[in-house]
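# Structural overview for review
Spelled out, the chains give:
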Amino acid sequence: MEDLFDGFALRAKRYAEGLQDRRVFPSSDALKGLRTLDIPLQDDPLPPGEVLSQLDEIGSPATVASSGGRYFGFVVGGALPAALAANLLASVWDQNAGLEVASPISATLEEISTQWLVSLLGLPADAGVGFVTGATMANFTGLAAARHVVLKKAGWDVERSGLFGAPSVTVVVSDEVHVSLLKALSMLGLGRERVVRVDVDGQGRMRADCIPDLQGPTIVCAQAGNVNTGAFDPIAEIGERTAKADNAWLHVDGAFGLWAAACPSRAQLAHGIQQADSLATDAHKWLNVPYDSGLVFVRDAQALIAAMSTTAAYLTESGKREPFHYVPEMSRRARGVEVWAALRSLGKRGLADLIEMNCRQATRFAEGLTAAGYTILNDVVLNQVLVSFGDAETTDRVIRRVQEDGNCWCGGTTWQDKRAMRISVSSWKTSDEDIEFSLNAILRIAERECLGNSAGKRSPRDAVTRAH
């Protein structure tokens, strides 16, 4: 084991140190190398060191350098050093975090992290918090609590009787609802297509004045941070309308945007989240812990426990906070360890500085692209930038060439019927130098691809210094 751990440490160190000097997306040769792993399973065991060597030598070159500083796709955060080290240590501990008796350290760190998180985000101190895989399961868990409460108020026990014969539940979403929330609704038996959609404004914010009258069991789903524009629904106004209804629940999907509440300079964007009955977010986005890590917050902890808990004679409960009562899983890894480590490492000021840095860097992207004559489609209020390089074909060509180039990675999207490159800045690892390097790489490619389609734009040479 000593030799194995020493070998792992050397390989991990080499990988981490090489992140900034390698392609962001793997080369075609590295991807072809993956074929050598596709062999029949051998009869006899192999030494662990040989397995690790093969995994590193073939697998490491074929990874996406999303934990480096120049990956701007899918709102992916890097892994903070303290959180990464804690994740590795937790893997060595190999704890089952479902029960306090199975892992006192995991349960303790979840409880401490819960207190820190609700304080950072300005949520009720007695809220229930669950540590799940990501925002999809956080949405699922929060909406399960919502389903429990609105049907209970209507005289129905959904956990005991299911949905057959249950009162109808109305679900209100915006036209810009994220697909993960719709997936959660489908898994809960509430349906993707049964939702009532509400119009949005030019930035993708739900128009509170278009919310219909809320009658009967109702779940209203707002958004903190539009996945394309970063815009926030008017949560306070939506919360007021929800609170006036006889039986309505307000859920907020805040996969990355919820973290703005922890940054004084951006907190006004999240105004009203304290009125929410449940909220969902990813810790592996702006808290920058390793995958997979999500968080659900439910104002009424008992509602969350009622929707998630179970019991059996063999499950030895301690009488303390039992982690599995707050999440869908029973056996699971100890996600709270790295959440605790990230918060302990950053502190309040460090987390706020990380969020503000990424927002400032997103603004720099927008300024550089605008100065070069390209069109920014959104108000850059957070960490999201949408840029059009002309018509859809040209924009897609620029995106494809940027991804092939390897100096940075940005994805594509369609925003209100217009194709765009989506730039998401979410990592502690991203330096201002990374931004300038990546901006130059994008502009160099865009200038070449937009030749002959340059009406109304000037050369990027007028905006920034070209890359070497």
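Residues numbered from 1 in each chain as written. Predicted model: local features only at pLDDT ≥ 70, side-chain atom pairs only at ≥ 80, totals over all residues. Heavy atoms only, no water.

Time to look at empty space enclosed by the protein. Enumeration over the complete set of coordinates arrives at 3 cavities of 30 Å³ or more. Of the pockets and cavities examined, the largest cavity occupies roughly 50 Å³. Taken together, Val173, Ser174, Val177, His178, Leu181, Cys221, Ala222, Gln223 and Asp253 make up the lining of the largest cavity. At the level of secondary structure, the elements contributing two or more residues to the lining of the largest cavity comprise β2 (170-174) and β4 (218-223). Sorting elements by how many residues they give to the lining of the largest cavity places β4 first, with 3 residues. A breakdown of the residues in the lining of the largest cavity according to their chemical character gives 5 nonpolar, 3 polar and 1 charged. (1 Å grid on protein atoms, 1.4 Å probe; cavity = no way out; pocket = protein on both sides within 12 Å on 5 of 7 lines; lining within 4 Å. Points joined across faces, edges and corners; volume = space filled by probe spheres on them. Helix = DSSP H or I, 4+ residues; strand = E, 2+ residues; numbered from the N terminus. Nonpolar A, V, L, I, M, F, W, Y, C, P; charged D, E, K, R; others polar.)

The next point concerns unusual backbone geometry. For the peptide bond that leads from tyrosine 291 to aspartate 292, omega is -10°, which places it in the cis range. Along the polypeptide, aspartate 292 turns up in the loop between β6 (278-282) and β7 (294-298). Non-glycine residue valine 75 carries a positive phi angle of around 50°. Position of valine 75 relative to the elements: it lies in the loop between α3 (48-59) and α4 (81-93). The backbone of aspartate 417 sits at a positive phi, close to 70°, despite the residue not being glycine. Assignment of secondary structure puts aspartate 417 in the loop between β10 (411-415) and β11 (418-424).

One way to put it is that α4 packs onto helix α11 (residues 335-371) with a least axis distance of 8 Å and a crossing angle of 150°. Comparing their axes, α11 and α4 come out roughly antiparallel. Judged by the twist between their axes, the crossing of α4 over α11 is right-handed. On α11, the residues touching Ala82, Ala83, Ala86, Asn87, Ala90 and Trp93 of α4 are Val337, Glu338, Ala341, Ala342 and Ser345. Its residues placed into classes, the contact of α4 with α11 shows 8 nonpolar, 2 polar and 1 charged. (Axes fitted to C-alpha atoms, helices over the stretch in contact; angles between N-to-C directions. Parallel < 35°, antiparallel > 145°, perpendicular 65-115°, else oblique. Left-handed = near helix turned anticlockwise from the far one by under 90°. Contact = heavy atoms within 4.5 Å.)

What follows covers the sheet that holds strand β8 (residues 375-376). Read across the open sheet, the 4 strands follow the order β8-β9-β11-β10; overall the sheet is antiparallel. In this open sheet, the two edge strands, each paired with only one partner strand, are β8 and β10. Here α11 sits on the sheet in contact with β8, β9 (384-388) and β11, set at roughly 15° to β9. (Pairing = 2+ DSSP bridges.)

To continue, consider the pattern of salt bridges. One pass over the structure, following the stated rule, counts 25 salt bridges. For the salt bridge of arginine 70 with aspartate 434, the shortest nitrogen-to-oxygen distance reads 3.7 Å. Remark: aspartate 434 occurs in helix α13 (residues 432-449) and arginine 70 occurs in the loop between α3 and α4; sequence separation between them is 364 residues. The same class applies to arginine 70 and to aspartate 434, which are both buried. Here arginine 419 ties to aspartate 396 by a salt bridge, and the two come within 2.9 Å at their closest N and O atoms. (Salt bridge = Lys/Arg side-chain N within 4 Å of Asp/Glu carboxyl O. Buried < 20%, exposed > 50% of the residue type's maximum accessible area, 1.4 Å probe, protein only.)

Let's shift gears to the nonpolar core. Core analysis: the biggest nonpolar cluster contains 54 residues, and Trp259, Leu287 and Phe297 have the highest contact counts within it. Mapped by element, the contributors of at least two residues to this core are α5 (104-121), β1 (128-132), β4, α9 (235-244), β5 (248-253), β7 and α11. Residue contacts for tryptophan 259: discarding those within four places in its chain leaves Leu117, Leu121, Thr281, Asp282, Ala283, Trp286, Leu287, Leu295, Leu351 and Ile355. One finds Leu143, Ala144, Val158 and Val296 within the second-largest nonpolar core, a separate group that totals 36 residues. (Core = buried A, V, L, I, M, F, W, Y, C linked by side-chain atoms within 4.5 Å.)

Within the secondary structure layout, proline 217 lies in the loop between β3 (196-198) and β4. Counting along the chain gives 50 residues from proline 217 to proline 167, while the straight-line C-alpha distance between them is 7.7 Å. Apart from residues lying up to four places away in sequence, proline 217 is in contact with Val150, Ala154, Pro167, Ser168, Val169, Thr170 and Asn247.

The next thing to look at is the side chain of histidine 251. Here histidine 251 is to be found in strand β5. At 2.7 Å, the side chain of histidine 251 forms a polar contact with the side chain of serine 278. For histidine 251, the contacting residues outside a window of four places in its chain are Ala138, Asn139, Gly142, Leu143, Leu181, Val220, Cys221, Ala222, Ser278, Leu279 and Ala280. (Polar contact = N/O pair within 3.5 Å; in protein donor to acceptor, adjacent residues only side chain to side chain.)

Burial within β4 is extensive, with 6 of its 6 residues counted as buried. Residues Thr218, Val220 and Ala222 point to one face of β4 and Ile219, Cys221 and Gln223 to the other, with burial holding for every one of them. In this structure, β2 lies alongside β4, joined through 3 bridges in parallel fashion. Counterpart to threonine 170 in the pairing with β4 is threonine 218. Handedness of the β-α-β unit built from β4, α9 and β5 comes out right-handed. (Right-handed = clockwise from strand over helix to strand, strands pointing away.)

Another point: helix α12 (residues 392-405). For α12, spanning 14 residues, the distance from its first C-alpha to its last is 20 Å, which sits close to the expected 20 Å at 1.5 Å a residue. All of the buried residues in α12 are Thr394, Thr395, Arg397, Val398, Ile399 and Val402. Where α12 is buried, its residues meet β9, β10, β11 and α13. With a side-chain oxygen positioned 3.3 Å from the backbone nitrogen of glutamate 393, the residue opening α12 is aspartate 391. Looking at the residues trailing α12, positive phi occurs at glycine 406, about 90°. (Expected span 1.5 Å × (residues − 1).)

Nothing here speaks to function; it is geometry throughout.
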